[in-house]
Amino acid sequence: MSDLFLGLDCSTQSLTGIIVDFNLKKVVYRNSINFDEELSHYNTHNGAIILDNEKVVHSYPLMWVEALELLFEKMQNNKRALFEIKAISGSGQQHGTVYLNSDFIKTLKRLDADKTLVSQLKNSFSRPTSPIWMDSSTTKQCEEIRKKLGGLKSTINLLGSNTIERFSGPQIRKFFQQYPLLYEKTLIIHLVSSFMASILLGKNAPIDHGDGAGMNLMNIKTKQWDERALEATAPNLREKLPPLSQPYTVIGNISSFFVKKFGFNPNTNLIAWSGDNPNSLIGVGLIKKGKVAISLGTSDTYFSYLQDLYLDLKGEGHVFGAPTGDYMSLICYKNGSLAREKIKDKFHLNWEQFSQILKNSPPGNNGKLMLPYFFPEIVPQVLQPKVYCFGFDEDDLEGNVRGIIEAQFLSMRLHSKWIGEKPKEIYATGGASANKDILQVLANIFKTKVRAFEFADSAALGAALRATKSYYDSKNMIKGWEDIINKFIDFQRSIVIVPNEKYFQLYDDMLELYKKYEQYILNNRQDPEIARLDFVKNYF
Ligand code: XUL
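Computed from a prediction, not measured in an experiment: that's the story for all the values here.

**Topic: the site of the ligand**
Stage number 1. Close to the ligand lie Thr12, Gln93, Gln94, His95, Trp133, Arg166, Asp276, Asn277, Ser299, Thr301, Leu330 and Cys332, which account for all nearby residues.
Stage number 2. A distance of 3.0 Å separates an oxygen atom of the ligand from a polar backbone atom of Gln94.
Stage number 3. In this structure, an oxygen atom belonging to the ligand sits 2.8 Å away from a side-chain N or O atom of Arg166.
Stage number 4. Burial of the ligand by the protein amounts to 98% of the accessible area it has alone, namely 290 Å².
Stage number 5. Only α14 (276–283) and β18 (327–333) provide two or more residues apiece to the shell around the ligand.
Stage number 6. Its residues placed into classes, the shell around the ligand shows three nonpolar, seven polar and two charged.
Stage number 7. Built from parts of two domains, the shell around the ligand gets at least three residues from each of domain 1 (4–278) and domain 2 (279–333 + 424–497).

Structure below.
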């Protein structure tokens, strides 16, 4: 009998499941349900729907439930493997909130294995859609809550982040203000992660400290719900929230519905779920200081492990709980893979052609520079999307392809300065981390070695490894993080991209230029065109 562990990842565009075998030290199964393609009746676009205007971005929690059932149906081909799974954990896109009525728990308790989850759960929602992390429609609520908490600095000190449009608290406040009666009918508000865990558990699952910190409701020091934040957000909110828990808590066993329907072992443990970024921290093996990870997915994120609490008092960055029980820092960009895709599609390229253009164009892009706000941006905050091209026009192929990649990494280098330490090595993960030409630009801009792993599903892998660790810990068969990470994260077979020193000075200068352009556009500072022409004269 093998020791198998399942990691699930309910992300923006798909639900992925992977099984790791602790004895064989490898991933033995992977499958993924793409929402747009396989559940096309929900009519999502990249897993999301736009309501009212482009700032209001939601998704369907029922779609995630349907995806879970579909994934398990596919996994059922291997009934023995499902029975041998010892523990399950999961990962959810962060911040998204799910609003449930009094039917939810009643239904979960008496789920009938002869019927589908969707048919039984469809009346459990007090709000059929969930605002997700791409929503940026709550500026008013952010201001109101921040003001009640005493302004920017005291908010950050209390919650680990400024009040942020996509975070759960401002979203809950907006729902309460727009639909007070529906808010009143809401019995429980889950995050994507705790909602999916509840379905598997058959009762309300807790929210872990990793994902809880992305709500603007959890005190970052005590890791408890913060009374002041709850009160500033909406009435009676405390009673509508599940409890908070350590990320490594064993929260119970899988519910009998999944045992009967799919052949899971009734003793399968469930471990608290967490957000995709905390899971990815483990999925790339970041349990010590000094290295950072960059995830190039629907969102691009830059994150690192923190031994001690360290805050960004300017308010662009966040601090979340890490799966180890410590902290992690994070900055998040909305213009990640969807922005790269906009350029690829605009010029009718495939990824290979995109890479070729990147490879054949000069670092520094002949002084062509882009501010790529295809969608409202989080860092820096840009609520009205617009793409700015300096030194080239919008039909310039090379200008656009290199322009977007250089802009994304220059912005990351600029806005990650608050984390302090200059990274000694960057671990790259997420879909675009398979592209070596993109990683070369990253290495050159950060002047740092970049390591990409063969297995880019770091959130699902992190969830499986968290399940592994918590299972053995709970049985007093303690396995340290190092032991688990060294077994599953193949540093030997990872790809290492070495930065090219020849471009260090060029990118230092380009960073200054990029900063000036941000200030010009966002803060009405002086047009830096003369500095740009000097840059061109110097390098091209
Ligand atoms: C992090 C964030 C995104 C989502 C995407 O703060 O908003 O990375 O977690 O899945």
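**A few points about the environment of Met134**
Stage number 1. Along the chain, Met134 turns up in the loop between β8 (130–131) and α6 (139–148).
Stage number 2. Remark: the alpha-carbon pair of Met134 and Phe167, spanning 33 residues in sequence, is separated by 9.8 Å.
Stage number 3. Discounting chain neighbours no more than four positions away, the residues touching Met134 are Thr12, Lys55, Val57, Thr298, Lys334 and Leu338.

**Some points on helix α2 (residues 61–75)**
Stage number 1. Here α2 spans 21 Å end to end across 15 residues, near enough to the 21 Å set by a 1.5 Å rise per residue.
Stage number 2. Here α2 lies mainly inside the structure; eleven of its 15 residues are buried.
Stage number 3. Residues of α2 that are buried: Pro61, Leu62, Met63, Trp64, Val65, Ala67, Leu68, Glu69, Leu71, Phe72 and Met75.

**A word on empty space enclosed by the protein**
Stage number 1. Following the criterion strictly, the structure yields three cavities of 30 Å³ or more and no others.
Stage number 2. The wall of the largest cavity is formed by Asp300, Tyr333, Asn335, Pro372, Tyr373, Glu377, Val379, Pro380, Ala407, Gln408, Ser411 and Tyr514.
Stage number 3. Of all the secondary-structure elements, those providing two or more residues to the lining of the largest cavity are β19 (369–373) and α17 (397–415).
Stage number 4. Examining the composition of the lining of the largest cavity, we find that three residues originate from one element, α17, more than from any other.
Stage number 5. Grouping the constituent residues of the lining of the largest cavity by class yields seven nonpolar, three polar and two charged.

**Re the sheet that holds β8**
Stage number 1. Within the open sheet, the three strands sit side by side as β4-β5-β8. Their pairing is antiparallel. The open sheet terminates on both sides in strands that have one partner only, identified here as β4 (49–51) and β8.
Stage number 2. Pairing between strand β5 (residues 56–59) and β8: two bridges, direction antiparallel. Each residue of the ladder has a partner; that of Ser59, found in β8, is Ser130.

**So, the sheet that holds strand β15 (residues 291–296)**
Where strands meet in a sheet, backbone hydrogen bonds hold them as pairs that are either parallel or antiparallel.
Stage number 1. With mixed pairing, seven strands are arranged side by side in an open sheet as β17-β18-β16-β15-β21-β22-β23. In the strand order of this sheet, the two ends are held by β17 (318–321) and β23 (495–497), each with one partner. Strand-to-strand twist of the sheet, defined as the mean angle between neighbouring strand axes without regard to direction, takes the value 25°.
Stage number 2. Sheet analysis places strand β22 (residues 449–452) next to β23, joined by three bridges and oriented antiparallel. Of the residues in β23, the one forming a bridge with Val450 is Ile497.
Stage number 3. Most of the contacts of helix α18 (residues 436–446) go to β23, to which it runs at about 45°, and overall it touches β15, β16 (300–306), β21 (425–429), β22 and β23.

**Notes on the packing of helix α15 (residues 337–346) against α17**
Stage number 1. Two elements in contact, α15 and α17, have axes separated by 9 Å at closest approach and are oriented at 170°. Between α15 and α17, the crossing angle belongs to the class labelled roughly antiparallel. On α17, the residues touching Ala339, Arg340 and Ile343 of α15 are Asn400, Val401, Ile404, Ile405 and Gln408.
Stage number 2. Grouping the amino acids of the contact of α15 with α17 by side-chain chemistry returns five nonpolar, two polar and one charged.

**Describing the pairing of strand β3 (residues 26–34)**
Stage number 1. When strand β2 (residues 14–21) meets β3, the two strands line up antiparallel, connected through eight bridges. Opposite Val20, over in β3, you have Val27 as the bridge partner.
Stage number 2. In this structure, the hairpin formed by β2 and β3 is closed by a connection of four residues, where Lys25 is found at a positive phi of approximately 60°.

**Details of the domain arrangement of the protein**
Stage number 1. Along its sequence, the protein is carved into domain 1 (4–278), domain 2 (279–333 + 424–497) and domain 3 (337–419 + 501–539).
Stage number 2. On a C-alpha basis, the centroid separation for the pair domain 1 and domain 2 is 21 Å.
Stage number 3. Each side of the interface is counted separately: domain 1 has 56 residues, and domain 2 has 49 residues.
Stage number 4. Summed over both partners, the interface of domain 1 with domain 2 buries about 3,900 Å², with 65% contributed by carbon and sulfur atoms.
Stage number 5. For domain 1, the biggest contributors to the area lost against domain 2 are Phe22, Asn277 and Pro278; these three give 18% of the whole.
Stage number 6. Scanning the region where domain 1 abuts domain 2 turns up one salt bridge.
Stage number 7. With a shortest N-O distance of 2.4 Å, Asp457 and Arg30 are connected by a salt bridge.
Stage number 8. Where domain 1 packs against domain 2, one counts 24 residue pairs in polar contact (both at pLDDT 80 or more).

Parameters at a glance
Residues numbered from 1 in each chain as written. Predicted model: local features only at pLDDT ≥ 70, side-chain atom pairs only at ≥ 80, totals over all residues. Heavy atoms only, no water. Near = heavy atom within 4 Å. Polar contact = N/O pair within 3.5 Å; in protein donor to acceptor, adjacent residues only side chain to side chain. Areas by Shrake-Rupley, 256 points an atom, 1.4 Å probe, with all protein chains shown as cover. Helix = DSSP H or I, 4+ residues; strand = E, 2+ residues; numbered from the N terminus. Nonpolar A, V, L, I, M, F, W, Y, C, P; charged D, E, K, R; others polar. Domains from an automatic or database assignment. Contact = heavy atoms within 4.5 Å. Expected span 1.5 Å × (residues − 1). Buried < 20%, exposed > 50% of the residue type's maximum accessible area, 1.4 Å probe, protein only. 1 Å grid on protein atoms, 1.4 Å probe; cavity = no way out; pocket = protein on both sides within 12 Å on 5 of 7 lines; lining within 4 Å. Points joined across faces, edges and corners; volume = space filled by probe spheres on them. Pairing = 2+ DSSP bridges. Axes fitted to C-alpha atoms, helices over the stretch in contact; angles between N-to-C directions. Parallel < 35°, antiparallel > 145°, perpendicular 65-115°, else oblique. Buried area = accessible area lost by both parts, 1.4 Å probe. Salt bridge = Lys/Arg side-chain N within 4 Å of Asp/Glu carboxyl O.

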